[in-house]
Structures are given as C-alpha cells and as structure tokens.
Amino acid sequence: MDRYWRQMWGIARYELRMQWRRGMLRMVMFILPLASVLVIFLLAGMQAQLSASQTQWSAAYPAEFRLTAMAIFILLPAAAPIFAALPLLLAETIPLDGKLNMRDTLDSTPLPLWVYLAGKVLGVWLGVLIALVICIPVVGAVFYWKLGAFNVWVWLQVWGAVVVPSGLLSSGMGVLFAAAQPTRRRAILVNFLLIPVFVYLYSVSPLLQVTVLASLAPEQAFDLDANGKITALRLMSGDVMALSAGLMVAALAVAGLLAWGGIRWKAGRA
C-alpha cells in the first residue's frame, strides 16, 4: 500500500504542476473570488437602501447579525464557478495525457489504473484547495473593507464545511466524468452536457440550503448565546455533515467506477 501511495502522490504533484503551467490553477484563483467580490460591491452600493428596508439586512438588526447574514449570502454566487466552471476547466485533465502520449508511457509501467485516477483527482484537489485558501482571505478582507465586521468564525465554518467540499466534489467528478474521452474537445463537451447534473448536485447540496437560510432567514439559522452573539449555524449539525459527506463519497465512487470502466472498455476495444 505504501508503494501505491507514493505512486499516487507522484502523479498528484505532476498534475499540480501541469495545472499551473496550463494556467488552469491561476484561472480558478481568479474566477472563484470574482463572483463574491462583485456581489460585495453591489451590496455596498445598496447599503443605504438595505439599512432602511424591512429585511434581515436592515439597521433594525444588530450589526454582527445582519453583516454575518450578508457575508454568507455573498458565497451563493460562488456556486456558479464551483458547479459549472470547474468541471469544464478540468475536463481535459486525463484526456490531455493521451494527447501527450503520457498514457502509453504509464500503461507500460506496473501502475494500477485506480492509482492513476486517484492521483489525478488528488492533484486537482490540491489545486482547488490552494485556490480556495487564497480566495477566503481575499473575499473576507474585501467584505470587511466595504461593509464592516462580521462573525468570522461562523463564516469560516461555512467555507470549511460547505464551500470547500462542494469544490472538491464538482472538480473530482468533472475529472472523472471526462476521463474516458479521447480528446480534450470531447471531454469538455461531455462535462458541458452534464452541467444539469452539477446543477442538481448544487440544488441538493448544503451550499444552497445553508447560504439561503442563513442570509434570508438568519433567525432560524443562527444559534445565539445569552448575550445575543452568534455561535454557530444550526444546519451544520453532525448528522447533516455526516449525511453530506456520505453522499459526496458515494457520488465520487460512482464517477470513479464509470471512469475506470470507460477506460478499461476503450483499452479492450483497442
């Protein structure tokens, strides 16, 4: 097993370098925070109207309460690049190896196919995690600068338990769904046609539920202490997170089996 892990880690490091050279990693670093930052500037321009409104974002609510609701709301637009752009940007990850004749080289070595696929997904995940680690402080700093202080701990919980897993799910499935395609164009087309699947995953994911409830009905979403300070999000209980993690693993397992079977079938035909 240690040998397999070393092989997997070597493929992951290679893939991470390739993402950077192809510009995919830099593009993800730019796209992910862009949508949220644009919404921040929109909210900043509407701040007077929001303060005078009868919504949960009005000045009638405590500043921490309404600003934390806004801070979670701005993560909602990030779903578009996470569930639509990431699978398209990463679709060519495995087909590109075939174009560069890397697959022929790897097939001549005692490298199990499952190790190769796992290493590719791991390398993509490293790139997505790096992009998110850069994105989080950028978005948080822009929000603080334009709108004010918010509950950073609750906000980071949403990132760590909802946004990051969503990014790992969509990027991993984007790589695996297109794995058996012979060309980059076919790989991108497959993931483009599967966008409804990614949209469905978004609609049933905690990302939609947490961000909508926390931003539009924060009285039902936030747990408060005796002083009225926000301590946590009610939706992020252990049972909810365990169910979400189980569904994520199951979806990735199905995509992995499809990728493994598709590549085996194609090799058998050749």
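Residues numbered from 1 in each chain as written. Predicted model: local features only at pLDDT ≥ 70, side-chain atom pairs only at ≥ 80, totals over all residues. Heavy atoms only, no water.

K.L.:
Can you break down the overall build of the protein residue by residue, with the values?
P.N.:
Per the secondary structure count, the protein includes 14 helices and two strands. The C-alpha extent of the protein, read off along each of the three principal axes, is 70 × 35 × 30 Å. Going through the 270 residues of the protein one by one, you find that 49% of them count as buried. A fraction of 78% describes how many contacts in the protein between residues 6 or more apart in sequence connect residues 24 or more apart. Working note: accessible area of the protein is about 13,200 Å², and carbon and sulfur atoms make up 69% of it. Positive and negative charge centroids in the protein, built from 20 and 11 side chains respectively, lie 12 Å apart. (Helix = DSSP H or I, 4+ residues; strand = E, 2+ residues; numbered from the N terminus. Buried < 20%, exposed > 50% of the residue type's maximum accessible area, 1.4 Å probe, protein only. Contact = heavy atoms within 4.5 Å. Areas by Shrake-Rupley, 256 points an atom, 1.4 Å probe, with all protein chains shown as cover. Lys, Arg positive; Asp, Glu negative; His and termini not counted. Charge placed at Lys NZ, Arg CZ, Asp CG, Glu CD.)

K.L.:
So what about the confidence of the model for the protein? Which residues, and what values?
P.N.:
Considering every residue of the protein, the mean pLDDT works out to 83; 91% of them sit at 70 or more. Mean pLDDT values for the elements of the protein range from 63 in helix α7 (residues 102-107) up to 92 in helix α8 (residues 113-146). (pLDDT = per-residue confidence, 0-100.)

K.L.:
Break down the pattern of salt bridges for me, citing the residues and quoting the values.
P.N.:
Pairing between side chains of opposite charge can happen when the charged atoms of each approach one another. Applying the stated criterion across every chain yields a total of four salt bridges. The partner of Glu 92 in a salt bridge is Arg 22, and the shortest N-O contact between them spans 3.3 Å. Linking Glu 92 in the loop between α5 (79-89) and α6 (95-99) with Arg 22 in helix α1 (residues 2-22), this pair joins segments that are 70 residues apart in sequence. Take Arg 22: its relative accessible area is 24%, and that puts it in the partly exposed class. (Salt bridge = Lys/Arg side-chain N within 4 Å of Asp/Glu carboxyl O.)

K.L.:
Now, about α1: what can you tell me, with residues and values included?
P.N.:
Spanning 21 residues, α1 covers 30 Å between terminal C-alpha atoms, matching the ideal 30 Å at 1.5 Å per step. The elements touched by buried residues of α1 are α2 (24-45) and α8. (Expected span 1.5 Å × (residues − 1).)

K.L.:
Just give me the short version of the side chain of Thr 68, but keep the residues and values in it.
P.N.:
Note that Thr 68 resides in helix α4 (residues 63-73). Here Glu 64 takes part through its backbone oxygen, which lies 2.6 Å from a polar atom of the side chain of Thr 68. Thr 68 has contacts with Phe 150, Asn 151, Val 154, Phe 222 and Ile 230, leaving out every residue within four places of it along the chain. (Polar contact = N/O pair within 3.5 Å; in protein donor to acceptor, adjacent residues only side chain to side chain.)

K.L.:
Describe the nonpolar core, with residues and values.
P.N.:
Within the largest apolar cluster, 80 residues are counted, with the highest numbers of intra-cluster contacts made by Leu 117, Phe 143, Trp 155, Met 173 and Leu 233. When residues of this core are assigned to their parent elements, the largest contribution, 15 residues, is made by α8. If we ignore the near neighbours within four places in the chain, the residues touching Phe 143 are Ile 40, Leu 67, Met 70, Ala 71, Ile 74, Gly 148 and Phe 150. (Core = buried A, V, L, I, M, F, W, Y, C linked by side-chain atoms within 4.5 Å.)

K.L.:
Give a description of the packing of α4 against helix α9 (residues 152-177) that names residues and reports values.
P.N.:
At a minimum axis distance of 10 Å, the contact between α4 and α9 shows a crossing angle of 20°. One finds that α4 runs roughly parallel with respect to α9. Where α4 crosses over α9, the handedness of that crossing is right-handed. Note on element contacts: α9 touches α4 through Val 154, Trp 155 and Val 158, opposite Thr 68, Ala 71 and Ile 72. Of the residues belonging to the contact of α4 with α9, the class tally is five nonpolar, one polar and no charged. (Axes fitted to C-alpha atoms, helices over the stretch in contact; angles between N-to-C directions. Parallel < 35°, antiparallel > 145°, perpendicular 65-115°, else oblique. Left-handed = near helix turned anticlockwise from the far one by under 90°. Nonpolar A, V, L, I, M, F, W, Y, C, P; charged D, E, K, R; others polar.)

K.L.:
Summarise the environment of Ile 136; cite the residues concerned and give the values.
P.N.:
Along the polypeptide, Ile 136 turns up in helix α8. Expressed as a C-alpha distance, the spacing of Ile 136 and Trp 155, which sit 19 residues apart in the sequence, is 9.8 Å. When neighbours within four sequence positions are excluded, Ile 136 is seen to be in contact with Trp 155, Leu 156 and Trp 159.

K.L.:
So what's going on with the packing of aromatic side chains? Which residues, and what values?
P.N.:
Each aromatic ring pair is described using two quantities: the centre-to-centre distance and the angle formed by the ring planes. Applying the stated criterion across every chain yields a total of seven aromatic pairs. Ring geometry for Phe 143 versus Phe 150: centroids 5.0 Å apart, planes at 80°, classification edge-to-face. An identical accessibility class is assigned to Phe 143 and Phe 150; each is buried. Between the aromatic rings of Phe 177 and Phe 198, the centroid separation amounts to 6.0 Å while the plane-to-plane angle is 70°, which identifies the pairing as edge-to-face. Of this pair, Phe 177 sits in helix α9 while Phe 198 is found in helix α11 (residues 195-204), placing the two residues 21 residues apart along the sequence. Classification of Phe 177 as buried rests on a relative accessible area of 19%. Feature note: the residues Phe 143, Phe 150, Trp 155 and Trp 159 constitute an aromatic cluster, connected by ring pairs. Its guanidinium or amino end placed over the ring of Trp 20, Arg 26 lies 4.9 Å from that ring's centre, counting from NZ or CZ. The positively charged end of Lys 146 is found above the aromatic ring belonging to Trp 145, 5.0 Å away from the centroid. (Phe/Tyr/Trp six-rings, centres within 6.5 Å; stacked < 30°, edge-to-face > 60°. Lys NZ or Arg CZ within 6 Å of the ring centre and 35° of its normal.)

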